[in-house]
Amino acid sequence: MHPARLWKKLPDGRVSCRLCAHFCRIADGAHGLCGVRVNKAGALFTLAYERVAAANLDPVEKKPLYHFQPGSRTFSFGTMGCNLSCAFCQNYSLSQPPRQGKAVTGERVTPADLVAAAKRSGAASISYTYSEPTVFFELMADTAALAHEAGLNNIMVSNGFSSPACLDALDGLIDAANIDLKAMDPVFYEQVCGAKLAPVLKNLVHIRRLGWWLEVTTLLIPGRNDDDAQLMRLAQFLVNELGADTPWHISRFHPDFAMRDARPTPPERLERAYAIGREAGLRYVYVGNVHDDRRNATLCPSCGAVVLTRAGMGLAASHMHGGACDACGATIAGRGLP
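Presented here is an overview of the structure given in this document. (Residues numbered from 1 in each chain as written. Predicted model: local features only at pLDDT ≥ 70, side-chain atom pairs only at ≥ 80, totals over all residues. Heavy atoms only, no water.)

Overview of empty space enclosed by the protein
Turning to step 1, where the next piece is worked out: Within the structure shown, the criterion is met by 3 cavities of 30 Å³ or more.
Turning to step 2, where the next piece is worked out: Looking at the largest cavity, its volume works out to about 90 Å³.
Turning to step 3, where the next piece is worked out: Estimated volume of the second largest cavity: approximately 40 Å³.
Turning to step 4, where the next piece is worked out: Along its surface, the second largest cavity is lined by Y274, R278, R283, Y284, V285, Y286, A297, T298 and L299.
Turning to step 5, where the next piece is worked out: Looking at the lining of the second largest cavity, the elements with two or more residues in it are α8 (267-280), β14 (285-288) and β15 (298-299).
Turning to step 6, where the next piece is worked out: Here the residues of the lining of the second largest cavity are counted per class, giving 6 nonpolar, 1 polar and 2 charged. (1 Å grid on protein atoms, 1.4 Å probe; cavity = no way out; pocket = protein on both sides within 12 Å on 5 of 7 lines; lining within 4 Å. Points joined across faces, edges and corners; volume = space filled by probe spheres on them. Helix = DSSP H or I, 4+ residues; strand = E, 2+ residues; numbered from the N terminus. Nonpolar A, V, L, I, M, F, W, Y, C, P; charged D, E, K, R; others polar.)

Notes on the sheet that holds strand β6 (residues 43-46)
Turning to step 1, where the next piece is worked out: Spatial strand order, β1-β6-β5: 3 strands in an open sheet with antiparallel pairing. Only two strands of the sheet have a single partner each, and these edge strands are β1 (2-3) and β5 (37-40).
Turning to step 2, where the next piece is worked out: Pairing geometry for β1 and β6, over 2 bridges, is antiparallel. The partner of H2 across the bridge, within β6, is T46. (Pairing = 2+ DSSP bridges.)

A few points about helix α6 (residues 197-210)
Turning to step 1, where the next piece is worked out: Its 14 residues place the ends of α6 20 Å apart at the C-alpha level, agreeing with the 20 Å of an ideal helix rising 1.5 Å per residue.
Turning to step 2, where the next piece is worked out: By the burial criterion, the buried members of α6 are L197, V200, L201, N203, L204, V205, H206, I207 and L210.
Turning to step 3, where the next piece is worked out: Where α6 is buried, its residues contact α4 (164-169), β11 (176-180), α5 (186-193), β12 (213-220) and α7 (228-242).
Turning to step 4, where the next piece is worked out: Positive backbone phi, at 90°, marks G211, one or two positions downstream of α6. (Expected span 1.5 Å × (residues − 1). Buried < 20%, exposed > 50% of the residue type's maximum accessible area, 1.4 Å probe, protein only. Contact = heavy atoms within 4.5 Å.)

Observations concerning the nonpolar core
Turning to step 1, where the next piece is worked out: Counting residues in each nonpolar core, the largest one holds 92 residues, and the members touching the most others are F88, L170, L181 and W248.
Turning to step 2, where the next piece is worked out: Excluding residues that lie within four positions of it along the chain, W248 makes contacts with V216, T218, L231, L234, A235, L238, A273, G277, L282, Y284, V285 and Y286.
Turning to step 3, where the next piece is worked out: Formed by 19 residues, the second largest nonpolar core is a distinct cluster that contains W213, Y284, C325 and I332. (Core = buried A, V, L, I, M, F, W, Y, C linked by side-chain atoms within 4.5 Å.)

Have a look at this one:
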């Protein structure tokens, strides 16, 4: 166990965890909803520190981030545990066991070990991903500080259900984020994810204020979160609250975990969502989990020329210089562009 941060004592021996928007009140000997934070004699500890369960070198486009250092590699890692219980989770073998009372396992490594591995790999950044990085906040924060010292950027791939205090504590450490906005329906969040929508919306606006580069992903599940009215509300929120330059990744659903009986997203629903995003005024809309390089290309919002093409999960070609379109010279939104 490792001492946790962002909590406070309560008078009855319980502790109040301030890490995510559940704000768990945890009795002595009990765990928070994430399964990786435990109260021992009135003090909160994390079971996820030095317990890395997955690590890989990925294209940054896999996060997905299309406008942050495109074409670079990112050293990605995650621990077990999550603060949500999404029925469609594609990483449930990492995220859900601690919530079910199972042991938190993983390789014992330190933040210095992780940064050294990232440097050896030639990565330009470290990504905190695979499970929910909020629940391994202490490991993320300590690693991110060392990463900056080593000249690496930091990327958080998250469900966005952090507490405001967690986001503030990461200010100056995280450079870019991809946040899941799973639906614009509070009932969907409560019934399918075990969470609430309102904190996620507030946190997206908070992240924008912090100045991190921000991209948003929505997994389209047929009949659950893909109706036109809901997608219009979502796209309008992105435009009005986060800005028209916010990239929106629309991802195809494949049956998994507790939703194996659901059907994959029909291509026409992906196309409809793409059209809704563009009609709402979003300049950069992408379709993922499909073999369609056409919908993975970055178009110049000024002249419509293709400025970045992608094949699979990597950058294929660039038609821009100095962050501007070769055809017309218009600036393309992003950080570290060709």
